[in-house]
Structure formats: C-alpha cells, structure tokens
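In case you want the letters, here they are:
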Amino acid sequence: FFDSIPEDIGRELRRDMLALTPDNPVYSAEHEKTLPSGERRWFAWTNRALFDAAGRRTGFQCVGRDTSEARRAQEDLRARAAELALIADCIPTAVMIVRTGQTEIMFANREAQRLFGLRQGGGVDEIAAVYEDPEDRMRFLRSLRDQGVVEGFEVPMRREDGSAIRGLISARTIDFRGSPAIVAV
C-alpha cells in the first residue's frame, strides 16, 4: 500500500497511519498530486485503521475525494473578495456596512477608518460618536426606516480627532451576509 504513495507524502502518511489506534482509528488529510499529464489536483483522504477484537491492526480503509474544483472556487472567491476590498479602500469617501438590530459594523473602508476611526466589529457607541448631535443620527435612522433609502442627508459630524466636519450621507437598507443591514457612504 505505502509503495503506491508519492515519497514526499509517503513518509508522513506512513507515520500518521501507523500511529492510529483502536481508540483513535481515523486520520484525515488533504494532499496535492501531480497527474501524469502534469495537471495538479487536490484530494481529501479519510483513512481508517481496521482492528481485530484483540486490538491488532488488520488493514486500512482509505476513501479519497477530488477537491480540486472546490479548492479553485475558494481561491477564486478569496481573490474576488480581495479585489473588492481593494476597490472599496481606493474610494476616497467613507463606506460602511452596519448590521441593524444588534448594531455592528460589518465593513468599513480605509477612509471610514481614517476619518472617523470606524472599524469592523465596532458597535453603536463608535457610530454614535461620529454624530455631533445624537438626534441627527435618530432622524437619519427614522428617515431610512420610513423610506428604505436616504440620499444627501446633511449632518454635522466629528472626525476621530474630534474636529468638526459637515457630512453628506447616502444610505440604503440591504441584506448582508444573511442579516438586515445598512450600506452608507
């Protein structure tokens, strides 16, 4: 069995499989394999040691699954997310996505961080600190709730350093990662 495994994987696999016991009979791993055509593929393996009643190893059961397409899809998704984050960070306007209900900043671009100190994971206190008058935030939220979209809401705000700035907020309600949210610029 071990002779059919590529040498670079074989030593580690042999060690891990021979370490299996009746109390810990399963070992899982994922390995890359270069096919004779030169194509590289990924395989997820679940290996189970088989034991007799006396606890002696009698063999192995190995099940492999080609995970190459799923791995490529994950890599593509990561690359697209990185591209989108780069684009958002290049926008010279603060952009945020805030989960409603249990208020949490789910996304804040670089400008939102620089101007207002707003970061992913922040909550209602961090957001409220941006507004010079707390009632302005409440008016903005009521308007958004009633209309679903707010465009050009003018409001005095505070930068992270405490200095005043006039803000112009546009926002709409969305579903983000399965939660109701607000996207605001």
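Our subject is the structure that appears above.
Quick caveat: nothing in here was measured; it's all calculated off a predicted structure. (Residues numbered from 1 in each chain as written. Predicted model: local features only at pLDDT ≥ 70, side-chain atom pairs only at ≥ 80, totals over all residues. Heavy atoms only, no water.)

On to the sheet that holds strand 1 (residues 26-34). Strand order in this open sheet of three strands is 1-2-3, and the pairing throughout is antiparallel. Pairing within the sheet leaves two strands with one partner each, and these edge strands are strand 1 and strand 3 (57-66). On average, adjacent strands in this sheet sit at an angle of 25 degrees to one another, irrespective of strand direction. Those strands touched by helix 2 (residues 68-90) are strand 1, strand 2 (40-51) and strand 3, and its axis lies near 125 degrees from that of strand 2. (Pairing = 2+ DSSP bridges. Helix = DSSP H or I, 4+ residues; strand = E, 2+ residues; numbered from the N terminus. Axes fitted to C-alpha atoms, helices over the stretch in contact; angles between N-to-C directions. Contact = heavy atoms within 4.5 Å.)

This brings us to the pattern of salt bridges. If charged atoms from side chains of opposite charge come close, those side chains can pair. Applying the stated criterion across every chain yields a total of 18 salt bridges. As a salt-bridge pair, Glu32 and Arg40 come within 2.6 Å of each other at their nearest N and O atoms. The exposure class assigned to Glu32 is partly exposed, which follows from its relative accessible area of 29%. Residue Glu69 is joined to Arg41 by a salt bridge in which the shortest nitrogen-to-oxygen separation is 3.4 Å. Highlighted residues: Glu69 in helix 2 and Arg41 in strand 2, separated in sequence by 28 residues. Owing to a relative accessible area of 14%, Arg41 belongs among the buried residues under this scheme. The network of salt bridges with shared partners includes Glu39, Arg41, Asp66, Glu69 and Arg72. (Salt bridge = Lys/Arg side-chain N within 4 Å of Asp/Glu carboxyl O. Buried < 20%, exposed > 50% of the residue type's maximum accessible area, 1.4 Å probe, protein only.)

The five strands lie next to each other as 5-4-8-7-6, forming an open sheet whose pairing is antiparallel. Looking along the sheet, the strands with just one partner apiece sit at the ends: strand 5 (104-108) and strand 6 (149-158). Neighbour to neighbour, the strand axes of the sheet diverge by 30 degrees on average, direction disregarded. With four bridges joining them, strand 4 (residues 96-99) and strand 8 (residues 179-184) adopt antiparallel strand pairing. Pairing of Ile97 across the sheet is with Val183, part of strand 8. Running over the sheet, helix 5 (residues 134-147) touches strand 6, strand 7 (164-176) and strand 8 and is turned about 170 degrees from strand 6.

Let us look at the nonpolar core. Membership of the largest hydrophobic core comes to 22 residues, with the highest contact counts inside it found for Met96, Phe140 and Ile169. Where this core is concerned, the elements lending two or more residues are strand 4, strand 5, helix 3 (110-116), helix 5, strand 6, strand 7 and strand 8. Top element by residues in this core is strand 6. It accounts for four residues. Setting aside chain neighbours within four positions, we find Met96 in contact with Ile105, Phe107, Ala108, Ala112, Leu118, Ile127, Ile182, Val183 and Ala184. Ranked by size, the runner-up nonpolar core spans seven residues in total, among them Ile9, Leu20, Ala29 and Ala49. (Core = buried A, V, L, I, M, F, W, Y, C linked by side-chain atoms within 4.5 Å.)

Here the focus is the side chain of Arg41. Only 3.3 Å separates the side chain of Arg41 from the side chain of Ser68, close enough to count as a polar contact. Excluding residues within four positions of it along the chain, Arg41 makes contact with His31, Glu32, Lys33, Leu35, Asp66, Ser68, Glu69 and Arg72. (Polar contact = N/O pair within 3.5 Å; in protein donor to acceptor, adjacent residues only side chain to side chain.)

On to the environment of Ala184, then. Looking at the element boundaries, Ala184 is found in strand 8. Among the residues examined, Ala184 registers a relative accessible area of 18% and is labelled buried. The spacing of Ala184 and Val150 is 34 residues in sequence and 9.1 Å in space, taken between C-alpha atoms.

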